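Structural description and commentary
Residues per chain are reported as follows:
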Amino acid sequence: MSAEHKPQIVAIDARVDPAACQTMAEVRQGVDALDRALVALLAERQRYMEAAARIKPDRDAVHDEARIEDVVAKVLVSAQAHHLSPDIAEPVWRTLIDRCIAHEFATYDRTRR
């Protein structure tokens, strides 16, 4: 297995638990650590969109409304389990999905020329 295909664990830098934070510096350190991990995860998600663009047989398959609603529903279940407000989860994921679809369209078009 090549290095680019090996599963990678997203490391999250050491941080103080939110409930134990005593200073804004600790809060900011935690947020910054999580942001770095989220960027790595989003980059991996982007690579899945690029794989989808490669695999889908035609451009009309890129936007799939049923799949969008399925993803959002699953995210909301996960959000509830992790005590993430649906008022954060749903709009964040709908925006993420929208931008990923745009990236997938661009990738599809660029690779099919």
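Residues numbered from 1 in each chain as written. Predicted model: local features only at pLDDT ≥ 70, side-chain atom pairs only at ≥ 80, totals over all residues. Heavy atoms only, no water.

**Notes on the pattern of salt bridges**
Summed over all chains, the structure comprises eight salt bridges. For the salt bridge of R59 with D109, the shortest nitrogen-to-oxygen distance reads 2.7 Å. Of the two residues, R59 sits in the loop between α1 (24-55) and α2 (65-81) while D109 sits in helix α3 (residues 86-111), which places them 50 residues apart along the sequence. Residue R59 is classed as partly exposed on the basis of its relative accessible area of 38%. Accessibility expressed as a relative area gives 27% for D109, which makes it partly exposed. For the salt bridge of R94 with E69, the shortest nitrogen-to-oxygen distance reads 2.9 Å. Of this pair, R94 sits in helix α3 while E69 sits in helix α2, and the two are 25 residues apart along the sequence. What makes R94 partly exposed here is its relative accessible area of 32%. Sharing partners across several salt bridges, the network here consists of R67, D70 and K74. (Salt bridge = Lys/Arg side-chain N within 4 Å of Asp/Glu carboxyl O. Helix = DSSP H or I, 4+ residues; strand = E, 2+ residues; numbered from the N terminus. Buried < 20%, exposed > 50% of the residue type's maximum accessible area, 1.4 Å probe, protein only.)

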